[in-house]
Amino acid sequence: MSSPAEFYNSLPPISKTYGTLCLLTTTLCQLGILHPIHIALIFEYLFPNFQIWRLFTNFFFLGKFSINFGIRLLMIARYGVQLEKGPFERRTADFLWMMIFGALSMLLLSAIPLLRSPFLGISLVFMLLYVWSREFPNAKINIYGLVSLKAFYLPWAMLALDVIFGSPLIPDLLGIIAGHLYYFLTVLHPLATGRNLLKTPRWVQKLVARWRIGVPTNPSYFRPGVAAPVTQGGASAFSGRGRRLTD
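In what follows, the accompanying structure is described. (Residues numbered from 1 in each chain as written. Predicted model: local features only at pLDDT ≥ 70, side-chain atom pairs only at ≥ 80, totals over all residues. Heavy atoms only, no water.)

## Brief notes about helix H2 (residues 13-30)
Spanning 18 residues, H2 covers 25 Å between terminal C-alpha atoms, matching the ideal 26 Å at 1.5 Å per step. Buried residues of H2: Ile14, Ser15, Tyr18, Gly19, Cys22, Thr25, Thr26 and Cys29, and no others. End-on view of H2: buried residues confined to an arc of 130°, all on one side of the axis. Lining the buried residues of H2 we find helix H5 (67-85), helix H6 (92-110) and helix H7 (121-135). Just past H2, the residue Gly32 takes up positive phi, approximately 80°. (Helix = DSSP H or I, 4+ residues; strand = E, 2+ residues; numbered from the N terminus. Expected span 1.5 Å × (residues − 1). Buried < 20%, exposed > 50% of the residue type's maximum accessible area, 1.4 Å probe, protein only. Arc of directions from axis to C-beta. Contact = heavy atoms within 4.5 Å.)

Dropping the structure here:
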């Protein structure tokens, strides 16, 4: 059995960095060193007061220490890591671009008054969950030992549980919308038309190469019809997509 340090070091770079920043931010808030209101996405403070950092920092707060916080952090460690090690293996730039695109989509959506949310970290985690559920739709998931279902339905089951337990609905919905938009533009539309409308920008690839983050995107990458199996609860799960066009 590996030690916690060995497990942490084995995590892929983007998921590890994001999870670490979320844990660090929550710890600082819990200790009273940082107040959540200073990092929240409050549009009235953005441009008049030049508090541009709020566009970034709001994604790193998942709530104070609680069961819900632990669940969100585990979702990053499980679904984010499995995405980065599975469908996005050797495609670090693509995975980073997915996170950036999701964050930008959520920022635009949250500008709508009805969809406004001060913290979009939970939304970004839900986006990871949604994309994972589309990559491994037939994986068997057991929720709290009570309900067994296919991964395809997991985002909606988690959303329903949040409603039952009184958590806000909007952050979950924003993540699902952003996740579906990304999956449509990078998988469903290319499969139907042969055209990818959401290529990973060159600057993201250069950033990954410049800082040697994971493995840069291979421009000639072509994904075969079936992805490698990932074990979930004793069953093998296979990707639902046929291919991904990166150029």
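## Considering the pattern of salt bridges
In total, this model carries three salt bridges according to the counting rule given. A salt bridge links Glu44 to Arg116; the shortest N-O distance between them is 3.6 Å. Residue Glu44 is found in helix H3 (residues 43-46), and its partner Arg116 is found in the loop between H6 and H7; the two are separated by 72 residues along the sequence. On the accessibility criterion, Arg116 (35% relative accessible area) is partly exposed. (Salt bridge = Lys/Arg side-chain N within 4 Å of Asp/Glu carboxyl O.)

Interpretation note: all reported values are geometric properties and have no functional meaning in isolation.
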